[in-house]
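Each chain, written out:
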Amino acid sequence: MDNILIVVNDLEAAIAFFAELGMEVEGKALVEGDWAGRVVGLEGVRSDIVMMRTPDGHGRVELSKFHTPSAISREPRNAPANTLGISRIMFVVEDIDDVVARLRTHGAELVGEVAQYEDSYRLCFIRGPEGIILGLSEELG
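Trainee: Any chance you could break down the pattern of salt bridges for me, citing the residues and the numbers?
Mentor: Following the criterion strictly, the structure yields nine salt bridges and no others. As a salt-bridge pair, Arg 102 and Glu 20 come within 2.7 Å of each other at their nearest N and O atoms. Here the residue Arg 102 occupies a position in helix H3 (residues 96-104), and Glu 20 occupies one in the loop between helix H1 (11-19) and strand S2 (24-32), the gap between them amounting to 82 residues. Residue Glu 20 is classed as partly exposed on the basis of its relative accessible area, which comes to 23%.

Trainee: I'd love a proper account of the packing of aromatic side chains, names of residues and values included.
Mentor: Given two aromatic rings, one states the distance between the centres and the angle between the planes to describe the pair. Enumeration over the complete set of coordinates arrives at two aromatic pairs. Ring geometry for Phe 17 and Phe 18: centres 5.5 Å apart, planes at 85°, overall edge-to-face. For Phe 17, a relative accessible area of 0% puts it in the buried group. The class of Phe 18 is buried, set by a relative accessible area of 0%.

Trainee: Kindly report on the nonpolar core, identifying the contributing residues and their values.
Mentor: In this structure, Phe 18, Leu 63, Leu 134 and Leu 136 are the most contacted members of the largest nonpolar core, which totals 26 residues. Residue assignment for this core shows that the elements contributing at least two residues are H1, strand S3 (46-53), strand S4 (60-68), strand S5 (89-92), H3, strand S8 (121-127) and strand S9 (133-139). If you tally residues by element for this core, the top one is H1, at five residues. Not counting the four nearest positions on each side in its chain, Leu 63 is found in contact with Ile 6, Leu 11, Ala 14, Ile 15, Phe 18, Asp 48, Ile 49, Val 50 and Met 52. Ala 36, Val 45, Ile 49 and Phe 66 belong to the second largest nonpolar core, which has five residues in total.

Calculation rules
Residues numbered from 1 in each chain as written. Predicted model: local features only at pLDDT ≥ 70, side-chain atom pairs only at ≥ 80, totals over all residues. Heavy atoms only, no water. Salt bridge = Lys/Arg side-chain N within 4 Å of Asp/Glu carboxyl O. Helix = DSSP H or I, 4+ residues; strand = E, 2+ residues; numbered from the N terminus. Buried < 20%, exposed > 50% of the residue type's maximum accessible area, 1.4 Å probe, protein only. Phe/Tyr/Trp six-rings, centres within 6.5 Å; stacked < 30°, edge-to-face > 60°. Core = buried A, V, L, I, M, F, W, Y, C linked by side-chain atoms within 4.5 Å. Contact = heavy atoms within 4.5 Å.

This is the structure we're talking about:
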């Protein structure tokens, strides 16, 4: 897998949110023109993209803010975890409580609660900017 695309309205808030997880900006670009529209099946595409890389360098998230055509929202806005389609991106963290606290400074909220699976993991879902849901997993022992 190369990357996951997330369309956002507030690009700077999304960058700050993912940077709090230790991701780094790999590159920024303005994408526009006929070729871009042909790829995504839209006319008049003009969007800013930011590629963010995970600390280990093995994963990337592409953040995109569409200027034209304007982005549209999925419904319902804060869909539950059993909604069809991609529900979340899971990140492995060293200290789940610390990461949750740091993400809350960016407006993130727990979807449920931090829960423990046997003696193996502590896990949670957290909703960030634009309704993005991240899964956080801390391996125990």
